[in-house]
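Spelled out from the first residue to the last, the chains are:
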Amino acid sequence: MDPVRNPYAPGAGQRPPELAGRSKQLDAFDVVLERIARGRPERSVVLTGLRGVGKTVLLNHLRSAAISRKWGTGKIEARPDQDLRRPLSSALHMAVREIAVAHRDPERVDQFLGVLKSFALRASADKGMRDKWQPGIDAPALKGRADTGDIEIDLVELLLDAASLARDVGVGIAIFIDEMQDLAAEDISAICGACHELSQDAAPLIVVGAGLPHLPAVLSASKSYSERLFSYHRIDRLDRASADRALIAPAEREDVEYTSEALDALYEAADGYPYFVQAYGKATWDLAADSPITVDDVRVAAPTAEDELAVGFFGSRYERATPAEREYMRAMADLSGDDGPVSTSKIAVELGRKPASLSPARDGLIKKGLIYSAERGSIGFTVPHFGRYLRAQAD
C-alpha cells in the first residue's frame, strides 16, 4: 500500500494517530484542572512506566489539555548532572509569557520576571566569566527574592510568586518534567518542598512529572511525605481492545481494514506496548499489497519491524554500555525468562562474582537509564523485551 499514506508513527515521543487506552489518565487530569480552576487544593501529577509505553506522548497530551484552558505551560527534559535552574527558568518564562498578555498590571509581570531572572542567574553565579550565562529575560534582576542560592528556598518562593501571578489572571500554570528520575537529589527535594507549599496554599500551579518505574522511590527517598504530594499514575502496556483501536482507527481513516487474524498476530508481536504497536503497524502497512491487511502480511512484515527495533530501539541502547555493563545485562537476560525484575544476588552468582564488585556496572547502567531498581535487592530493564533481544543476540 502507499507508504505516503501510512498513518503509524513509531518515534520517541511522537504523537500516535490514535491515543488509545489513556482515557483514565486524561479524565483524571481534567478533574485536576477543574478543581484548581475552582480554587480547590490539588496534588501534582506523576506518570511512571517503562520506556516505550507512551509517557512522553501522554505528557504532551496533558500539556495540550492545560493549554486549551488558557493555562501557562512549560516543559523540560531532565538530564543527569544538569542544574535545574536553567531549564526550569526557561520553562517558567514561557509559561508566564503565555498568561502575561491577559494580566492587567504589566509592572507586576515585570516584577515577577525580575525575580525569575535572579533565580536563573544563580545557576552561573559561581562559574566565572568564561561560563557567564544570560537567561534571555527582558527585565532587570530583582534582588532579595528566590536568589539565596539554596534551591529549595528559592524554588518555593519562585513558584509561589508565579502561582500568585496566575491567580490574578484566573488561570493556572503547569510545569511538565520528562525523565524526572534524572534530576539531582537536591532538585528532587526542592520540587517536593515547593509542591508541598503550593498544595497547602491551594495555589494554581502544579508540576506534572514523568519517569521510569523507580521514580516514586526516588521521590520518597527525598521527602517521606512525597507519596501524599503527588497523584501517581502507572502507564503500562495497552489491553487488547486499546491496542486494536490504535491500529484500526487510523487505518479506517484511510479506508483500510484488518482481518481479525492479522490483529491477533499484531497483538502477539507487539505485546501491547504502544511503541511496538506503531512499529509493527508501520512495517505491515508498507509491505501489505492491499486491504484488508492479513495475517500473512503481518508475518512477512514482522522481520522488518524486528530489524528496525533491534537497531533503533534496542541496539542503540546496548551500544552505550561498557563491556562490564553488557556482561551484567546479559546475566540479567539469562536469569529473566519473562523479562521481569531479577535479584542482584542471583546476578552475582551467575557471574561468579561478589555483589560489591558488580556495583560499578549496576550503577553505571542505572545512570544511563538502561536498568532500574525495581525494589530492594532486585533490578529490572527499563526497556520492554530487552532481555528477549539480548537472548536472541546470544543465539
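Per an unreviewed UniProt entry, the protein goes by the name Cytochrome c domain-containing protein and belongs to Rhodococcoides corynebacterioides.

Caption draft 1: How the structure looks around the UniProt feature "domain: Cytochrome c" (unreviewed entry) in the protein. Here, the residues flagged by UniProt with the feature "domain: Cytochrome c" (unreviewed entry) are residues 167-333. Between the C-alpha atoms that bound residues 167-333 there is a distance of 52 Å. The span itself is 60% helix and 11% strand.

Caption draft 2: View of the packing of helix 4 (residues 106-121) against helix 5 (residues 151-169). The interhelical angle for the contact between helix 4 and helix 5, taken along N-to-C directions, is 160°, at an axis separation of 10 Å. Looking at the two axes, helix 4 sits roughly antiparallel to helix 5. With respect to the hand of their crossing, helix 4 and helix 5 are arranged in left-handed fashion. For the pair formed by helix 4 and helix 5, the contact residues are R108, V109, F112, V115, L116 and F119 on the first element and I151, D154, L155, L158, D161, A162, S164, L165 and D168 on the second. Of the residues contributing to the contact of helix 4 with helix 5, the split by class is 10 nonpolar, one polar and four charged.

Caption draft 3: Fine view of unusual backbone geometry. A cis amide bond links S291 with the next residue in sequence, P292, at an omega value of 0°. Tracing the sequence through the fold places P292 in the loop between helix 10 (274-287) and helix 11 (295-318). Even without being glycine, E179 reaches a positive phi, approximately 55°. Within the element layout of this structure, E179 appears in the loop between strand 3 (173-178) and helix 6 (185-200). For E179, a relative accessible area of 15% corresponds to the buried category. Located in the positive-phi region is A202, a residue other than glycine, with phi close to 50°. Taking the relative accessible area as the measure of exposure, A202 reaches 24% and is therefore partly exposed.

Caption draft 4: Local environment of helix 6. Taking 1.5 Å of rise per residue, 16 residues should cover 22 Å, and helix 6 covers 23 Å from first to last C-alpha, within 8% of that figure. Considered for burial, the residues of helix 6 that qualify are D187, I188, S189, A190, I191, C192, G193, A194, C195 and L198. Those residues of helix 6 hidden inside the fold are in contact with strand 1 (44-48), helix 5, strand 3, strand 4 (205-211), helix 7 (215-222) and strand 5 (230-234). The first or second residue beyond helix 6 is A202, which carries a positive phi of 50°.

Caption draft 5: Representation of the pattern of salt bridges within the structure. If you walk through the whole model with that rule in mind, you get 24 salt bridges. Between E157 and R145 there is a salt bridge, with the nearest N and O atoms lying 3.8 Å from each other. In this pair, E157 sits in helix 5 while R145 sits in the loop between helix 4 and helix 5, placing the two residues 12 residues apart along the sequence. Among the salt bridges present, the one from E227 reaches R228, with a minimum N-O distance of 4.0 Å. Connected via shared salt-bridge partners are E18, R245 and R253.

Caption draft 6: Representation of the pairing of strand 1 within the structure. Counting buried positions along strand 1 gives five out of five residues, so the element sits mostly inside the fold. Where burial is concerned, the two faces of strand 1 agree: the one with S44, V46 and T48 and the one with V45 and L47 are both buried. Bridge analysis of strand 1 against strand 5 gives five bridges, and the strand direction is parallel. Each residue of the ladder has a partner; that of V45, found in strand 5, is S231. Summarising the sheet, strand 1 and strand 4 pair through four bridges and their orientation is parallel. Along strand 4, the bridge assignment pairs V45 with V208.

Cut-offs used in this document
Residues numbered from 1 in each chain as written. Predicted model: local features only at pLDDT ≥ 70, side-chain atom pairs only at ≥ 80, totals over all residues. Heavy atoms only, no water. UniProt positions renumbered as here; feature names shortened; annotations may be inferred. Helix = DSSP H or I, 4+ residues; strand = E, 2+ residues; numbered from the N terminus. Axes fitted to C-alpha atoms, helices over the stretch in contact; angles between N-to-C directions. Parallel < 35°, antiparallel > 145°, perpendicular 65-115°, else oblique. Left-handed = near helix turned anticlockwise from the far one by under 90°. Contact = heavy atoms within 4.5 Å. Nonpolar A, V, L, I, M, F, W, Y, C, P; charged D, E, K, R; others polar. Buried < 20%, exposed > 50% of the residue type's maximum accessible area, 1.4 Å probe, protein only. Expected span 1.5 Å × (residues − 1). Salt bridge = Lys/Arg side-chain N within 4 Å of Asp/Glu carboxyl O. Pairing = 2+ DSSP bridges.

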